[in-house]
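Below are the chains, spelled out letter by letter.
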Amino acid sequence: MRNLIALLVLVAGIVGADCRAQPTNEPLTRGVVAVRCAEGGVFVSWRVLPTEVEATKFNLFRRTSEQPWQQVNDQPLAGASCWVDESAPDAEGLEYQVRVEGASDNANDDPVAKVWSPGYLEIPIQPIDGYRPGDASLGDLDGDGEFEIVLHQVSRARDNGSAGVTGIPVLDAYKLDGTHLWRISLGKNIREGEHYTQFMVYDLDGDGCAEIACKTADGTIDGQGQVIGDADKDWRTLDEGSNRDGRILDGPEYFTIFAGPTGAELKTVDFVPGRDPINGWGGIGGNAGNDSYGNRCDRFLACVAYLDGTHPSVVMCRGVYGRIVMTAWDWRDDQLTQRWKFDTGSSYPPFRDASPYAGMGGHNLSVGDVDHDGKDEIVYQAMVVDDNGQGLYSSGLRHGDVMYLSDLDPTHPGQEVFTVQENEEQVERFMTPGAAFRDAATGEILWSHSPMIDVPSCMAADIDPRYVGFECWGGPGGLRTCQGVEIGRAPRNTSWTIWWDGDPLRELLTLGRAGRRGLRRTYGDFPTQISKWDWNSEQEQPLQQLEGVSMSRGPCLVGDLLGDWREELLLVVPDGKSLRLYSTTIPTELRLPTLLADRQYRLGLVWQNVVYNRGCYPSYYLGAGKDESLNSAPQEP
């Protein structure tokens, strides 16, 4: 691959020079992962912390059930934080450990890594009749230094635009070996669907154990079997044929903090804001207008943000199409206190008194320090709320479904936001572009295209090294540079990308449909696969196929969960009895700190389960370099 080594060195320098990343207070272990390779040997990778990028060297050790620890490498490892152990024995109990060079044998307390075979970790789960595994989040629930999984089990989910009775949302906690820690049933008074159950998993008080924060109601049962509220109350509207059928439009609403180790209720308060007035959640935006049956009032999002720059807060959000309310909560010393509330207020047709922030929400969000003051802001599709709960700006772009926040254009100061807009109503009045690229700190539109066009999805990812920055695609036209210049055909995939192979370009993740009979009849079988964009032929070239995990609803989680800076992929086996965690086995020459060390990226893993899931990005630029020679000559993928 021509110029690859120069590209990797250049990117490492860019990250080191341009990184204004804010850290979290979350301690990180070495995160060693060992995966047996199909062609033989074992691929081992581990985390490098930011303080270790320059000087720290490592030694790799292995043992079996019959052999003590043996050092694998002849010379200390100073390059990328991965190694292929080509002489790995096919023996029982094969394990690996990574130690800092120069440390004593007993100085490294990181747990050892058992070998995944054949290429992934199978995590057995406890299935529930009539349910399917859905979104997942992760956190160190029990304080042992390793991540656990919180899995949302889903039954008869409904979009909030549709009436009907749903199943009861369930949250399960698992260790990576499949040990089941607890189960929380949110009860019949929490409707099931991606717009309702936003669960935040994070260590909110700094005690070493992550908490779980989410909306609850009468009949919620915590992980120890204790009921929240009145177990006998049924607040559902049961009126088949009505657009209110199955909705919960009466009764109390709660906000609860649960303990990570046990799932026990720690504190419950009233959810802020309440749903009333039900007909006061409309505005001027995509799918605008008010309703009286609970569609617009029950659209929820959530996130965790370092609003004071030092401690995490939970931000619970209600409303996207018109009225928008965000409430920030602090969990400190066993007390749950409200930090601030942002409220655009109710408005009614013709909405002349509507806030400029009303109607600017979407179906996902992001968190980052966009104004460089050390404190996080909430990027809520077309607007941004500052760390103090005041509006930072409203771009006026109105409602959309997808957005991305990162340093998408390294030639432009700070971060940028790329969004698409629905443009479903009053398009001639507003002339809103279908896609827009803006300055994250000021809202200035840097470029846009397709005015009055409804663009349902988009992607921003660096997939072509000939051009500086991320490429953007979605809606009319093809692939565009981060300056908005069309450069050719775009990939069909607008849902998921992943850092998987050895270079800093992102790969495309395509979720297959094998194993689901109805879809198989309609579309035929095709596997879940990771592909590389070939910028010369403008086609996707498969890198790896993942057999037996085809799930058209999307992955449970995508992110840098273990190992080096590349990302892992958590998928569901079609029978619903286990999860599979995949990690790359492709060596890299690029040594970077774990993406988890970047606060914006880490908090992206927290909000990834919110509504329309999308991948998360660090606050700094991670992509191909800015060398002019890379812009002037195409390279072979």
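Keep in mind that what you see is a predicted model, and the values were worked out from it rather than measured. (Residues numbered from 1 in each chain as written. Predicted model: local features only at pLDDT ≥ 70, side-chain atom pairs only at ≥ 80, totals over all residues. Heavy atoms only, no water.)

Student: I'm lost on the packing of aromatic side chains in this one. Help?
Tutor: We describe a pair of aromatic rings using the distance from one ring centre to the other and the angle between the two ring planes. Under the criterion given, the structure shown has 13 aromatic pairs. Here the aromatic rings of tryptophan 46 and phenylalanine 58 are separated by 5.8 Å at their centres, their planes lie at 65 degrees, and the arrangement is edge-to-face. Taken together, the residues tryptophan 46 in the loop between β2 (42–45) and β3 (58–63) and phenylalanine 58 in strand β3 connect sequence positions twelve residues apart. For the pair formed by tryptophan 46 and phenylalanine 58, the shared burial category is buried. Aromatic side chains phenylalanine 255 and tryptophan 329 sit 5.5 Å apart centroid to centroid with 35 degrees between the ring planes, which places their arrangement in the tilted category. Remark: tryptophan 329 occurs in strand β21 (residues 325–332) and phenylalanine 255 occurs in strand β17 (residues 253–258); sequence separation between them is 74 residues. We note that phenylalanine 255, like tryptophan 329, is buried. (Phe/Tyr/Trp six-rings, centres within 6.5 Å; stacked < 30°, edge-to-face > 60°. Helix = DSSP H or I, 4+ residues; strand = E, 2+ residues; numbered from the N terminus. Buried < 20%, exposed > 50% of the residue type's maximum accessible area, 1.4 Å probe, protein only.)

Student: I'm lost on the pattern of salt bridges in this one. Help?
Tutor: If the charged atoms of two oppositely charged side chains come close together, the side chains can form a pair. The tally for this structure, following the rule as stated, stands at 28 salt bridges. The partner of aspartate 376 in a salt bridge is arginine 599, with the nearest N and O atoms 3.0 Å apart. Remark: arginine 599 occurs in helix α4 (residues 599–607) and aspartate 376 occurs in the loop between β23 (366–368) and β24 (377–380); sequence separation between them is 223 residues. Salt-bridge contacts for arginine 566 lead to aspartate 564; the nearest nitrogen and oxygen are separated by 3.0 Å. Overall, aspartate 564 belongs to the buried group, its relative accessible area being 3%. (Salt bridge = Lys/Arg side-chain N within 4 Å of Asp/Glu carboxyl O.)

Student: How do you make sense of the layout of surface pockets when you look at a structure like this?
Tutor: Unoccupied space between atoms shows up once a probe the size of one water molecule is rolled over them. Computed from the structure, the second largest pocket encloses a volume of approximately 880 Å³. Taken together, 43 residues make up the lining of the second largest pocket; nearest its centre are Gly145, Glu146, Phe147, Leu176 and Leu562. For the lining of the second largest pocket, the elements supplying multiple residues, two or more each, are β1 (33–36) and β7 (113–116). At three residues, the largest contribution of residues to the lining of the second largest pocket is made by β7. (1 Å grid on protein atoms, 1.4 Å probe; cavity = no way out; pocket = protein on both sides within 12 Å on 5 of 7 lines; lining within 4 Å. Points joined across faces, edges and corners; volume = space filled by probe spheres on them.)

Student: Could you clarify how one ought to interpret empty space enclosed by the protein in this entry?
Tutor: All chains considered together, the criterion is met by five cavities of 30 Å³ or more. Estimates place the volume of the largest cavity at around 120 Å³. When its residues are assigned to classes, the lining of the largest cavity shows five nonpolar, three polar and five charged. Mapping the lining of the largest cavity onto the domain boundaries places at least three of its residues in each of domain 2 (135–271) and domain 3 (275–491). Approximately 90 Å³ is the volume attributed to the second largest cavity. Along its surface, the second largest cavity is lined by Ala136, Ser137, Leu138, Phe147, Ile149, Leu176, Leu557, Leu561, Leu562, Leu570 and Leu581. The biggest single contributor to the lining of the second largest cavity is strand β9 (residues 132–139), with three residues. (Nonpolar A, V, L, I, M, F, W, Y, C, P; charged D, E, K, R; others polar. Domains from an automatic or database assignment.)

Student: Can you walk me through the side chain of serine 347 in this structure?
Tutor: Tracing the sequence through the fold places serine 347 in the loop between β22 (335–343) and β23. A residue is classified by how much of its surface remains accessible, and serine 347, at 3% relative accessible area, is buried. A polar contact is formed between the side chain of serine 347 and the side chain of aspartate 353, at a distance of 2.9 Å. Contact partners of serine 347, with chain neighbours within four places excluded, come to Gly280, Gly282, Asn290, Asp353 and Ala354. (Polar contact = N/O pair within 3.5 Å; in protein donor to acceptor, adjacent residues only side chain to side chain. Contact = heavy atoms within 4.5 Å.)

Student: Quick question: what am I supposed to make of the confidence of the model for the chain here?
Tutor: Low pLDDT means the predicted atomic positions in that stretch should not be read closely. Here the chain averages 89 in pLDDT, and 90% of its residues register 70 or above. Residue range residues 1–19 is modelled with pLDDT below 50. Its contacts to residues more than four positions away, or to other chains, number 40 contacts. A low-confidence stretch, residues 626–637 (pLDDT under 50), is modelled with 37 contacts involving residues beyond four sequence positions or located in other chains. (pLDDT = per-residue confidence, 0-100.)

Student: Is there a simple way to explain the sheet that holds strand β37 (residues 528–534) in this structure?
Tutor: To summarise the sheet geometry, strands pair through backbone hydrogen bonds and adopt either a parallel or an antiparallel arrangement. Reading across from one edge, β35-β36-β37-β38 is the order of the four strands in this open sheet, with antiparallel pairing throughout. The outermost strands of the open sheet, each flanked by one partner alone, are β35 (496–498) and β38 (539–546). On average, each strand axis in the sheet is inclined to that of its neighbour by 35 degrees, with strand direction left out of account. Inspection of the sheet shows strand β36 (residues 507–510) paired to β37 by three bridges, in the antiparallel sense. Paired with leucine 508 across the bridge in β37 is serine 531. (Pairing = 2+ DSSP bridges. Axes fitted to C-alpha atoms, helices over the stretch in contact; angles between N-to-C directions.)

Student: When you look at the sheet that holds strand β39 (residues 557–559) in this model, what are you seeing that I'm missing?
Tutor: Taken together, four strands build an open sheet; the order of strands is β8-β41-β40-β39 and the sheet is antiparallel. Where the open sheet ends on each side, the last strands, each with one partner, are β8 (120–124) and β39. On average, each strand axis in the sheet is tilted by 15 degrees relative to the strand beside it, whichever way the strands run. Relative to strand β41 (residues 578–582), strand β40 (residues 568–572) runs antiparallel, the two being bridged by four bridges. Bridge assignment links valine 572 to a residue of β41, and that residue is leucine 579.

Student: Would you explain unusual backbone geometry in this entry?
Tutor: It is generally the case that most residues other than glycine have a negative phi and that most peptide bonds are trans. For the peptide bond that leads from aspartate 276 to proline 277, omega is -5 degrees, which places it in the cis range. Among the structural elements, proline 277 can be located in the loop between β18 (265–270) and β19 (300–305). The residue after proline 349, namely proline 350, is reached through a cis peptide bond having omega 5 degrees. Among the structural elements, proline 350 can be located in the loop between β22 and β23. Phi is positive for glutamine 381, close to 60 degrees, though the residue is something other than glycine. As for its placement among the helices and strands, glutamine 381 is situated in the loop between β24 and β25 (383–385).

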